[in-house]
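Coordinate inspection notes
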Amino acid sequence: MSISAAEIGQIIKRKIAEFDAPVVSAESGVITTLGDDIAQIYGLEGCMAGELLAFPDEIYGMALNLEEDQVRAIILGRFEELREGDEVRSTGRVVEVPVGRELVGRVVNALGQPIDGKGEITTKERRPVENLAPGVIDRQPVDTPVQTGIKAIDALIPIGRGQRELIIGDRQIGKTAIAIDTIINQKGKKLTCIYVAIGQNAASVARIAAVLDEYGALEHTIIVAATSAESAALQYLAPYAGCAMGEWFMAQGEDCLIVYDDLSKHAWAYREISLALRRPPGREAYPGDVFYLHSRLLERAARMSEERGGGSLTALPIIETQANDVAAYIPTNVISITDGQIYLEGDLFYAGNRPAVSVGLSVSRVGGDAMTKALRSVAGGLRLDLAQYRALAAFAQFSSDLDKATRDQLDRGRRLTELLKQGQYEPVPLADQVMTIFAGTRGHLDGIPVARVSEWEQQFRRYAGQTLSDLAQEIESKKVLDEDMQKRLARALEEFNQGFDTGEEPGAEEE
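Read on for a plain summary of the structure. Positions within a chain are numbered from 1, following the residues in the order the chain's sequence is written. Only residues with pLDDT of at least 70 are given local features in this predicted model, and only at 80 or more are side-chain atom pairs given and counted; all residues enter the totals for whole chains, interfaces and linings. To obtain the side-chain values, all non-hydrogen atoms of the structure were used and water was disregarded.

Structural notes on the overall build of the chain
Across its full length, the chain holds 16 helices and 17 strands. Considered along the principal axes of its C-alpha atoms, the chain spans approximately 125 × 50 × 40 Å. Buried, partly exposed and exposed residues are distinguished by accessible area as a fraction of the type maximum, computed with a 1.4 Å probe on protein chains only: under 20%, between the cut-offs, and over 50%, respectively. Looking at the chain residue by residue over its 511 residues, the buried ones come to 52%. Pairs of residues are marked as contacts when any of their non-hydrogen atoms sit within 4.5 Å. Here the analysis covers contacts within the chain between residues at least 6 apart in sequence; of these, 74% occur between residues at least 24 apart. Accessible surface, the chain as shown: approximately 23700 Å² in total, 49% of it carbon and sulfur. Here Asp and Glu are counted as negative and Lys and Arg as positive; His is not counted, and neither are the chain ends. Every charge is mapped to an atom, namely NZ of Lys, CZ of Arg, CG of Asp or CD of Glu. When the 54 basic and 76 acidic side-chain charges of the chain are each reduced to a single mean position, those positions are 2 Å apart. Secondary structure counts use DSSP, requiring at least four H or I residues in a row for a helix and at least two E residues in a row for a strand, with both numbered from the N terminus. The method behind every accessible area is Shrake-Rupley, applied with a 1.4 Å probe, and residues are considered shielded solely by the protein chains displayed.

Structure, rendered in structure tokens:
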């Protein structure tokens, strides 16, 4: 049975009429491949880098790879409902998140959507997650401190408003604890805090939110969470979203502190995305722009000039090391970007020195500029005393016959080390820090047994609260400790020490 040419022509015409493929234009495209939170899209010729793309069912994505005839995008949310052949439309704007004071006290995801069960958040403004860092002309020097409430940090490694100070160390030795204590200490100090949780489990995020709420710190804090259960795309986006929220406060002329916990997991998420996007891998399979990944984030922290409002954004990135290896790829990258690092040492932590801050390896490149005059006047010799103590302690292990000056230096070092120990969720006010460190560096603790230094500190702080309240208020308000105030404090310390029972027998020698 033969088919005539006319019949073939009719069949072709019918098939053409029935064919219903989406029209590909500069504003729309078609999904050709799906998988691992990545969509390969044919079309979208006018797409911008970082543009927000609209998928069906109110699912959105972010364009990352712009190729000759296709776009590769990460999907921000569930991708299981998408299918090959679905239409994708460009929105004409880059990825944005809601910003504003309405977010304070809430827990949100990387897209700024609430996940704490407290209802919707209605904000008036949105900001792009990616933004250019302020130029040098728009900044001013960092000279105003961020009081962490942690003696070992405020006295030795001061953090200034607008600074980027890295917290680095092995897992489970107190990195997050330092960040949380710092946030708790900002209560009533007009410093809004943002805590970005990257790749943590949901239980840890809930526990941190509960702790902040318990200590009244959630009232000035935004928590941005991209948990380990969420896609690598959202973990990649979370710190940029948190930074955009912090920049809004900086633009209002206010001060903001942001914690990135942690950027190691952020780099892992970016590596996963990059490999799925078929970007060429480099060292340790990270893409070639992994340095730019963190530099363009951390450079956005700044203290703006008065002409630009005078606001500030202070960044505390956290990096987790493996077996104290600070020379690994990601740690060295972030160390080179930041203005100093607080290095936590596992040996100190397990020996009971908490916070386990290593005085020798920690540094603040802002230095004394970010320290109040009162604390600088009493802590000037503290770092030197501790450094000499560490050197002498290592030497003293090989010698039992030590001269008196060496023994005195070792004894003072032990007492100063005890004085810097501090419990978690117990930030110390500035005045108390100044008075106790003054006692340690000026010799008022030399007669106190090392084992009772912590007890001495607790009793002295209670005593100071009752009898030195005027002096404490002066220190808090003036931020200085002049000669007259030093004399008053020295007299009070002598009087307190006379009434403090050392618990030693007369003539007994401390081991």
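What about the pairing of strand 5 (residues 70-76)?
Regular strands place their side chains on alternate faces of the sheet. Most of strand 5 is tucked away, with seven of its seven residues classed as buried. Of the two faces of strand 5, the one holding Gln70, Arg72, Ile74 and Leu76 and the one holding Val71, Ala73 and Ile75 are both buried throughout. Relative to strand 5, strand 2 (residues 38-43) is paired through five bridges, and the arrangement is antiparallel. If you follow Ile38 over to strand 5, its bridge partner there is Ile74. A strand pair is defined by DSSP finding two or more bridges across the two strands. Pairing of strand 4 (residues 59-66) with strand 5 involves six bridges; the strand directions are antiparallel. Its bridge partner lying in strand 5, Met62 is registered against Ile74. If you look at the hairpin formed by strand 4 and strand 5, you'll find three residues sitting between the two strands.

Here's the deal with the packing of helix 11 (residues 382-396) against helix 12 (residues 404-419)
To obtain an axis, a line is fitted to C-alpha atoms, over the contacting stretch when the element is a helix, and the angle between two such axes runs from 0 to 180 degrees between their N-to-C directions. Their axes nearest at 8 Å, the elements helix 11 and helix 12 cross at an angle of 120°. Between helix 11 and helix 12 lies a crossing of left-handed hand. Mapping the contact onto sequence places Leu382, Asp385, Leu386, Gln388, Tyr389, Arg390, Leu392, Ala393 and Ala396 in helix 11 and Thr406, Gln409, Leu410, Arg412, Gly413, Arg414, Leu416 and Thr417 in helix 12. Taken together, the residues of the contact of helix 11 with helix 12 sort by class into eight nonpolar, five polar and four charged. For any helix crossing, the convention is left-handed if the near helix is rotated counterclockwise from the far helix by under a right angle, and right-handed if that rotation is clockwise. Basically, the charged four are Asp, Glu, Lys and Arg, the nonpolar ten are Ala, Val, Leu, Ile, Met, Phe, Trp, Tyr, Cys and Pro, and anything else, Gly included, counts as polar.

Here we look at the nonpolar core
We define a nonpolar core as any set of buried Ala, Val, Leu, Ile, Met, Phe, Trp, Tyr and Cys residues linked to one another through side-chain atoms lying within 4.5 Å. Among the nonpolar cores identified, the biggest contains 76 residues, and Met435 and Phe460 are the most heavily contacted of them. Here this core takes seven residues from helix 13 (residues 430-441), the largest share from any one element. Not counting residues up to four positions away in its chain, the partners in contact with Met435 are Phe460, Ala464, Leu468, Leu471, Ala472, Ile475 and Leu489. Counting 63 residues, the second-largest nonpolar core is a separate cluster that includes Ala267, Ile330, Ile335 and Ile337.

Concerning empty space enclosed by the protein
Put plainly, a pocket is an open set of points on a 1 Å grid over the protein atoms alone with protein on both sides within 12 Å along at least five of seven lines, a cavity is a set where a 1.4 Å probe fits but cannot get out, and a lining residue has an atom within 4 Å of a point. Grid points are joined across faces, edges and corners, and a volume is the space filled by probe spheres set on the points. Counting across every chain of the model gives two cavities of 30 Å³ or more. Empty space within the largest cavity amounts to approximately 130 Å³. Pro355, Val357, Arg390, Thr417 and Leu420 are the residues nearest the centre of the largest cavity, which is lined by 14 residues in total. Going through the elements one at a time, helix 2 (151-156) and helix 11 are the ones with two or more residues in the lining of the largest cavity. For the lining of the largest cavity, the residue count by class is nine nonpolar, two polar and three charged. Approximately 40 Å³ is the volume found for the second largest cavity. Every residue lining the second largest cavity is listed: Pro145, Val146, Gln147, Asp154, Pro158, Ile159, Ala370, Met371, Thr372 and Leu375. Its residues assigned to classes, the lining of the second largest cavity comprises seven nonpolar, two polar and one charged.

A word on a nonpolar patch on the surface
Only residues whose relative accessible area exceeds 30% and that form no salt bridge enter a patch; like-charged residues are grouped when within 9 Å of one another, and nonpolar side chains (Val, Leu, Ile, Met, Phe, Trp, Tyr) when within 5 Å. Any carboxyl oxygen of Asp or Glu within 4 Å of a side-chain nitrogen of Lys or Arg constitutes a salt bridge here. Side chains of Ile3, Ile8, Ile12 and Ile16 sit close together on the surface and give an oily, nonpolar patch of about 400 Å² of accessible area. The exposure class assigned to Ile16 is exposed, which follows from its relative accessible area of 59%.

Observations regarding the layout of surface pockets
Computed from the structure, the largest pocket encloses a volume of approximately 900 Å³. Every residue lining the largest pocket is counted, 33 residues in all, and those nearest its centre are Gln172, Gly174, Lys175, Thr176 and Ala177. At the level of elements, helix 3 (175-184), helix 4 (202-214) and strand 15 (312-320) are the ones that each hand at least two residues to the lining of the largest pocket. Broken down by element, the residue count for the lining of the largest pocket peaks at six residues, all from helix 3. In terms of residue class, the lining of the largest pocket is built from 14 nonpolar, 10 polar and nine charged. Looking at the second largest pocket, its volume works out to about 560 Å³. As for the second largest pocket, its lining consists of 20 residues, and the residues nearest its centre are Tyr60, Asn109, Leu111, Gln113 and Arg126. Of all the secondary-structure elements, those providing two or more residues to the lining of the second largest pocket are strand 4 and strand 7 (96-99). Counted by class, the lining of the second largest pocket contains 10 nonpolar, four polar and six charged residues.

As for the environment of Val453
By secondary structure assignment, the location of Val453 is in helix 14 (residues 453-467). Taking the C-alpha atoms as reference points, Val453 and Leu416, 37 residues apart in sequence, are found 8.8 Å from one another. The residues contacting Val453, other than those within four sequence positions of it, are Arg415, Glu418, Leu419, Leu445 and Ile448.

By themselves, these observations are geometric and do not establish any function.
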